[in-house]
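The primary structure of each chain is shown beneath.
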Number of protein chains: 2
Amino acid sequence: MTRTETATPAEVAGTPTLADVAALAGVSPATVSRVINGSARVSQRARKQVELAIDRLGYVRNRVASQGRSIALVICEDDGRVFTDDTYARLVGGVRRALGDERELVVMVVGRTAHWSTVPRYLRGGGADGVLLISAHDAPCGSLRQAGVPVLLCGRPLGLTPLPYVGVDDRGGARAAVDYLVRSGRRTIGTIAGPPDRATGIDRLDGYRAAMAEIGVATPGLIAYGDLRQASGEHAMNKLLDRRPDIDAVLAASDQMAVGALRALQRTGRRIPHDVAVVGFDDAPIAGRVRPRLTTVRRPLEELGARLARELLARIAGAPGRNVVLDTELIIRDSA
Amino acid sequence: MTRTETATPAEVAGTPTLADVAALAGVSPATVSRVINGSARVSQRARKQVELAIDRLGYVRNRVASQGRSIALVICEDDGRVFTDDTYARLVGGVRRALGDERELVVMVVGRTAHWSTVPRYLRGGGADGVLLISAHDAPCGSLRQAGVPVLLCGRPLGLTPLPYVGVDDRGGARAAVDYLVRSGRRTIGTIAGPPDRATGIDRLDGYRAAMAEIGVATPGLIAYGDLRQASGEHAMNKLLDRRPDIDAVLAASDQMAVGALRALQRTGRRIPHDVAVVGFDDAPIAGRVRPRLTTVRRPLEELGARLARELLARIAGAPGRNVVLDTELIIRDSA
């Protein structure tokens, strides 16, 4: 088969892809992409391997086919959060790296009060091949489905949304954290839960409850809520201390709230982890910076982004929708 | 005139706008918008005033006219920077607040290596009324002009781009900082300049040079460059100290580089500001957090965003393109 300037997508599908080059060269698609684009950020060795693989496979970057094919990543969250929260940098970075130059990525930040007629129009007009929907809290899923392209959610949706998602095992993460605390001899374990109207908040609390039920400890007085931010964690910790001064451990549903809890505990003269163990959630940058450094449940954000990208590409290529849940990891530092 | 469901934009122009309501009520358009949208984040008093103004003017929110009319704000910068740099939060916040509910705002983050066929297609398809272009460093201006809607740049463009811009007086800000240092008795004033391929880097250095020429101090050995980040500021400060151990002040072209300079100076045992005065640029959050707290040149980012929004709305309404330059402000804290 000879390739022409006007190759159809079907013809292109038969030719070696950037992913094939990456596999043969033993590097990531992003590295292949950097070599092709002439970036300086590639080692001599990787560059050689990629160039060899390109020669062997006869890979030709298909500008005609890839031109103008794009994925839209729609973030439905307030600007103040999106542009200062490291979460989005890691997630979007993961998506972009996994896409390499297979698809152009357009990130759209539309706020929480978006008029949901605007976004589908942009997507249709831009010819988006697929949509990743982040922090949507269910609102606009219906109107996006009308855009007529595959839509994939980041995180388990609440309600009856029939859209597939890639999420993180928040329930299992919380469970593992409580199990670890129990193994370290703690019994009176409290939690500072996140907003009860979001799946992450619900699932983390659920995991905590399940683990506490397993050791037969009743939780009245041991659960308080926060809005994921530091001040709310401090406030919630004070509440827990009022109700249960005998508390010997706390699991917070975000690292920011865990830092707030540290402050509240330190103010009462309690030693951490000696008197009270503290575990956070997310493994945000602050977890390693605060003293004592936070033990925390790590969400694999780059991997989540990469998996979202790969699942969406598979759906675009015709695979049926499915849900994917990624494992968390307990990062043991100094606070528990 | 009676208003119908299918009012044309021309008919709508004669009716009271949200801005009229805000002016009469003595509040911001964003506040009016919050009242109309039933947000809880409005004081009782403001709510009353807005409701009175709405009654008096007979304002009716024109959903038909506003539906689907949008402004696109296109950020051409790496994700890692966009999603962790407070600059974008403040700028986008300023734009969004100034637009109120006059126009839907769609923020598009496209990275620095965007395929510039994709973005204009999104804009055309989405029916954007106008485009704000941020951190573009000149690249895609040509293709955006083909989108056929008003385009406004954030910051003075380099080269011959014929697009109008709203910027900040970086030159005047640097000058004012050096003047202040001279008035405090400093003479051997160095600078850590930003990248020389960006207008902000060029203009700040230019302001520094002009102020030094005025006091007749030659600058050889007193100029070093950094990439705006902390590590580069530390590195550049060490270079300056090697060349001119008698240096008694330094102006850094970003707060991050100023913090790096503080570290380098403190490591040599120099007292700040007693031995060496340090002035930063931007008034980023870190300026108030670091010790000693940074004296810095404040860029009015929220105002810059608001002005971008208002100028673009004026252009959409038919006003000719013009350039606007906002003043900076010297914030005196402890480091100089």
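All figures in this text were calculated on a predicted structure; none of them were measured in a lab.

1. Here we look at the overall build of chain A
Phase 1: When helices and strands are tallied, chain A shows 15 helices and twelve strands.
Phase 2: In chain A, which comprises 336 residues, the share counted as buried stands at 54%.
Phase 3: Considering only contacts in chain A between residues 6 or more positions apart, those separated by 24 or more positions represent 70%.
Phase 4: Per element, the accessible surface of chain A, about 14,600 Å² overall, is 49% carbon and sulfur.

2. What to know about the packing of aromatic side chains
Phase 1: Evaluation of the coordinates by the stated rule reveals one aromatic pair over all chains.
Phase 2: Cation over ring: R204 of chain A sits above F281 of chain A, and NZ or CZ is 3.8 Å from the ring centre.

3. Some thoughts on the pairing of strand β3 (residues 128–134) of chain B
All names here are of chain B.
Phase 1: Most of β3 sits inside the fold, with seven of its seven residues counted as buried.
Phase 2: Where strand β1 (residues 70–75) lies against β3, six bridges are found, and the strand directions are parallel. Bridge pairing in β3 links A72 to V131.
Phase 3: Bridging between β3 and strand β4 (residues 151–154) involves three bridges; their strand directions are parallel. Along β4, the bridge assignment pairs L132 with L152.

4. Focus: the sheet that holds strand β2 (residues 104–109) of chain A
Phase 1: Taken in spatial order, the twelve strands of this open sheet run β11(A)-β5(A)-β4(A)-β3(A)-β1(A)-β2(A)-β2(B)-β1(B)-β3(B)-β4(B)-β5(B)-β11(B), and their pairing is mixed. Two strands in the sheet have a free side with no partner beyond their single neighbour: β11 (324–326) of chain A together with β11 (324–326) of chain B. Pairs of neighbouring strands in the sheet enclose a mean axial angle of 20°, with direction left out of account.
Phase 2: Each of β1 (70–75), β2 and β3 (128–134) of chain A together with β1, β2 (104–109) and β3 of chain B is contacted by helix α8 (residues 118–126) of chain B, which is oriented at about 60° to β1 of chain A, the strand it contacts most.

5. Side note on the pattern of salt bridges
Phase 1: According to the stated counting rule, one finds 42 salt bridges over all chains in the structure shown.
Phase 2: Between D275 of chain B and R271 of chain B there is a salt bridge, with its nearest N and O atoms 3.2 Å apart.
Phase 3: By relative accessible area, D275 of chain B is classed as partly exposed at 25%.
Phase 4: Owing to a relative accessible area of 48%, R271 of chain B belongs among the partly exposed residues under this scheme.
Phase 5: Here the residues in one salt-bridge network are D86, R90, D283, R298, E302 and R333 of chain A, joined through shared partners.

6. Some words on the sheet that holds strand β10 (residues 295–298) of chain B
What links the strands of a sheet is backbone hydrogen bonding, and the strands pair in either a parallel or an antiparallel sense.
Residues and elements named next belong to chain B.
Phase 1: The strand order β7-β6-β8-β9-β10-β12 describes an open sheet built from six strands, whose pairing is mixed. Either end of the sheet is taken by a strand with one partner, and the two such strands are β7 (223–225) and β12 (329–331). The mean angle between the axes of side-by-side strands here comes to 20°, regardless of whether they run parallel or antiparallel.
Phase 2: As paired elements, strand β6 (residues 189–193) and β7 share three bridges and run parallel to each other.

7. Regarding the relation of the copies chain A and chain B
Phase 1: Overlay of chain A on chain B (RMSD 0.1 Å): rotation 180°, translation along the axis 0.0 Å. Classification of the inter-copy transformation places it as that of a two-fold axis. Across chain A, the smallest distance between a C-alpha and the rotation axis is recorded for G125 of chain A, namely 1.7 Å.
Phase 2: In this assembly, 97% of the residues forming the interface of chain A have copies in chain B that are likewise at the interface, indicating an isologous arrangement.

8. Quick look at the nonpolar core
Phase 1: If you look at the biggest cluster of nonpolar residues, it comprises 58 residues, and the most contacted ones within it are I75 and F83 of chain A together with I75 and F83 of chain B.
Phase 2: Here F83 of chain A is in contact with V109 of chain A together with I75, V82, F83, T84, D85, D86, Y88, A89, V92, V107 and V109 of chain B, once residues within four sequence places are set aside.

9. A look at the packing of helix α7 (residues 86–99) of chain A against helix α15 (residues 301–316) of chain A
Residues and elements named next belong to chain A.
Phase 1: Packing of α7 against α15 brings their axes to within 7 Å, and their N-to-C directions diverge by 40°. Between α7 and α15, the angle is such that the two are oblique. Once α7 is placed against α15, the crossing between them reads as right-handed. Facing α7, whose interface residues are T87, R90, L91, G94, V95, R97, A98 and L99, α15 presents L301, E302, L304, G305, A306, L308, A309 and L313.
Phase 2: For the contact of α7 with α15, the residue count by class is ten nonpolar, three polar and three charged.

10. Regarding α7 of chain A
Residue and element names in this part refer to chain A.
Phase 1: If you check α7, its first and last C-alpha atoms are 20 Å apart, about what 14 residues at 1.5 Å a residue would give, namely 20 Å.
Phase 2: Burial of α7 is extensive: eleven of the 14 residues sit out of reach of the surface.
Phase 3: Regarding α7, the residues found buried are T87, Y88, A89, R90, L91, V92, G93, G94, V95, A98 and L99.
Phase 4: One or two positions beyond α7, positive phi appears at G100, with a value near 50°.

11. Re helix α11 (residues 199–214) of chain A
All names here are of chain A.
Phase 1: With 16 residues, α11 extends 22 Å between its outermost C-alpha atoms, agreeing within 8% with the 22 Å of an ideal straight helix rising 1.5 Å per residue.
Phase 2: Inspection of α11 places A199, G201, D203, R204, L205, G207, Y208, A210, A211 and M212 among the buried residues, and these make up the whole buried set.
Phase 3: Lining the buried residues of α11 we find α10 (170–183), β6 (189–193), β7 (223–225) and β9 (277–282).
Phase 4: After α11 finishes, the residue G216 shows a positive phi value of roughly 70°.

Basis of the calculations
Residues numbered from 1 in each chain as written. Chains lettered and ligands numbered in written order. Predicted model: local features only at pLDDT ≥ 70, side-chain atom pairs only at ≥ 80, totals over all residues. Heavy atoms only, no water. Helix = DSSP H or I, 4+ residues; strand = E, 2+ residues; numbered from the N terminus. Buried < 20%, exposed > 50% of the residue type's maximum accessible area, 1.4 Å probe, protein only. Contact = heavy atoms within 4.5 Å. Areas by Shrake-Rupley, 256 points an atom, 1.4 Å probe, with all protein chains shown as cover. Phe/Tyr/Trp six-rings, centres within 6.5 Å; stacked < 30°, edge-to-face > 60°. Lys NZ or Arg CZ within 6 Å of the ring centre and 35° of its normal. Pairing = 2+ DSSP bridges. Axes fitted to C-alpha atoms, helices over the stretch in contact; angles between N-to-C directions. Salt bridge = Lys/Arg side-chain N within 4 Å of Asp/Glu carboxyl O. Least-squares fit on C-alpha atoms with pLDDT ≥ 70 in both. Core = buried A, V, L, I, M, F, W, Y, C linked by side-chain atoms within 4.5 Å. Parallel < 35°, antiparallel > 145°, perpendicular 65-115°, else oblique. Left-handed = near helix turned anticlockwise from the far one by under 90°. Nonpolar A, V, L, I, M, F, W, Y, C, P; charged D, E, K, R; others polar. Expected span 1.5 Å × (residues − 1).

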